[in-house]
Amino acid sequence: MATIPIIDPATGARWYRMERLASGVRLIWEHHVSPDVHCNIWLVEGRDRNLLFDSGMGLRPMKAELAVLCEKPVVCVSSHSHFDHMGGAGEFDEHVGHAAEAEVFAAPNQANTLAKDFIAAHHFSSLPYEGFTCARYQIAPAPLTRTVDEGDVVDLGDRRLEVLHLPGHSPGSIGLWEAESGLLFTGDCVYDGELLDDLHHSDRAEFHDSMARLSRWPADAVHAGHYDSFGRARLRTLAEDYMAGRRRPGCPAERS
């Protein structure tokens, strides 16, 4: 990995990129990690506090490099405990997730977060810091300060997001639903690409049930854990394709 350049913020280079979307939502991503590995990090802006849905790989400090995360208190909600979604959660005082994966959040390692199975040198266009190697990659512990389950609410003062328990990809996978805006955040339960249901703690029957539920969900916009956002019609297609066994490697999002 020595031939890969090292990111140097002093030169103006940035590890994170951010895009402002509609409805007080921002998309953050790790620009130097390949799209098939880096997750979508969603910032939902509220009156009293902001919500960060997932936190990436934790390779560089988010709050030091993204001033928006220091403007008001931030509640970090992890969709699940895989390395690409919870790596930065330890930076935040309030960390919310499902109890089914609490042990992993509290003591993450390359095995229980799946990092050893998915992280490799070719995923990086630049390295996050001097001396980084995939073998030395570590995730900071991020014990949950609040556990949530189906129907619980995360209140931002002027916005209320309801927790959906969407097991299948992992036992504690959760999504967030804001009924007033029609926004649905799904983590890795559904995105427009190859869906992973064969991991060590995946459950295909539960995944099927979660998809059946989402196929009828009245979302106006779906902000997923990877790749592009999409609307209600695409959500239904993705869910129905999965249930019919048509979601295979080589989906349109991956080919592009």
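Rules behind the numbers
- Residues numbered from 1 in each chain as written.
- Predicted model: local features only at pLDDT ≥ 70, side-chain atom pairs only at ≥ 80, totals over all residues.
- Heavy atoms only, no water.
- Core = buried A, V, L, I, M, F, W, Y, C linked by side-chain atoms within 4.5 Å.
- Buried < 20%, exposed > 50% of the residue type's maximum accessible area, 1.4 Å probe, protein only.
- Helix = DSSP H or I, 4+ residues; strand = E, 2+ residues; numbered from the N terminus.
- Pairing = 2+ DSSP bridges.
- Axes fitted to C-alpha atoms, helices over the stretch in contact; angles between N-to-C directions.
- Phe/Tyr/Trp six-rings, centres within 6.5 Å; stacked < 30°, edge-to-face > 60°.
- Disulfide = S-S within 2.5 Å.
- Contact = heavy atoms within 4.5 Å.

Engineer: Just to check I follow, could you spell out the nonpolar core for this structure?
Structural biologist: Within soluble globular proteins, side chains that are nonpolar tend to cluster in buried spots. If you look at the biggest cluster of nonpolar residues, it comprises 34 residues, and the most contacted ones within it are Leu-52, Met-57, Met-62, Ile-119, Phe-124 and Tyr-137. Every element with two or more residues in this core is listed here: strand E3 (41–44), strand E5 (74–77) and helix H2 (83–86). Grouped together as the second largest cluster of nonpolar side chains are 21 residues, Leu-184, Leu-195, Phe-207 and Phe-230 included.

Engineer: Just checking my understanding: could you explain the sheet that holds strand E11 (residues 183–187) for this structure?
Structural biologist: Sheet strands line up and pair through hydrogen bonds in the backbone, either parallel or antiparallel. Strand order in the open sheet formed by five strands is E8-E9-E10-E11-E12, with mixed pairing between adjacent strands. Looking at the sheet topology across the chains shown, the edges are occupied by strand E8 (153–155) and strand E12 (221–224). Sheet twist, expressed as the average angle between the axes of neighbouring strands with direction ignored, equals 25°. Examined bridge by bridge, E8 and strand E9 (residues 160–165) share three bridges and lie antiparallel to one another. Across the sheet, residue Val-153 finds its bridge partner in E9, namely Glu-162.

Engineer: When you look at the sheet that holds strand E6 (residues 94–98) in this model, what are you seeing that I'm missing?
Structural biologist: Spatial ordering of the open sheet is given by E1-E2-E3-E4-E5-E6-E7, a layout of seven strands whose pairing is mixed. What marks the edges here is a single partner per strand, and that holds for strand E1 (16–20) and strand E7 (146–148). When the angles between neighbouring strand axes are averaged without regard to direction, this sheet yields 25°. Looking at chain direction, E5 and E6 are connected through three bridges and run parallel. Counted as the bridge partner of Cys-76 is His-95 from E6.

Engineer: Would you mind going over the packing of aromatic side chains with me for this structure?
Structural biologist: When we look at a pair of aromatic rings, we describe it by the centre distance and by the angle of the planes. One pass over the full model with this rule turns up nine aromatic pairs. Each ring, one from Tyr-191 and one from Tyr-227, has its centre 6.0 Å from the other, and the planes form 55°; the classification is tilted. Of the two residues, Tyr-191 is situated in the loop between E11 and helix H5 (204–214) and Tyr-227 in the loop between E12 and helix H6 (232–243); the sequence distance between them amounts to 36 residues. The class of Tyr-191 is buried, set by a relative accessible area of 4%.

Engineer: Explanation requested: the state of the cysteines in the structure shown.
Structural biologist: Under the criterion given, the structure shown has zero disulfides. Left unpaired, Cys-134 is separated from the closest cysteine sulfur, that of Cys-39, by 17 Å.

Engineer: Before we go on, may I ask you to explain unusual backbone geometry in this structure?
Structural biologist: If a residue is not glycine, its phi is most likely negative; likewise, a peptide bond is most likely trans. If you check the backbone angles, Ser-23 has positive phi at about 65° while not being a glycine. Inspection of the secondary structure puts Ser-23 in the loop between E1 and strand E2 (25–30). Overall, the relative accessible area of 42% leaves Ser-23 in the partly exposed class. Even without glycine at this site, Leu-114 takes up a positive phi of about 75°. Assignment of secondary structure puts Leu-114 in the loop between helix H3 (102–106) and helix H4 (115–118). Exposure remark for Leu-114: the relative accessible area of 3% places this residue in the buried category.

Engineer: Is there a simple way to think about the environment of Val-68 in this case?
Structural biologist: Within the secondary structure, Val-68 sits in the loop between helix H1 (62–65) and E5. By relative accessible area, Val-68 is classed as buried at 5%. Between the C-alpha atoms of Val-68 and Asp-241, which are 173 residues apart in sequence, the distance is 38 Å. Setting aside chain neighbours within four positions, we find Val-68 in contact with Met-18, Arg-26, Leu-43, Glu-45 and Asn-50.

Engineer: Please explain the environment of Met-211 as it appears in this structure.
Structural biologist: By the secondary structure assignment, Met-211 is in helix H5. Given a relative accessible area of 0%, Met-211 falls into the buried group. Along the sequence, Met-211 and Leu-235 sit 24 residues apart, while their C-alpha atoms lie 9.3 Å from each other. Apart from the residues lying within four places of it in its own chain, the contact partners of Met-211 are Cys-189, Val-190, Leu-195, Ala-239, Tyr-242 and Met-243.

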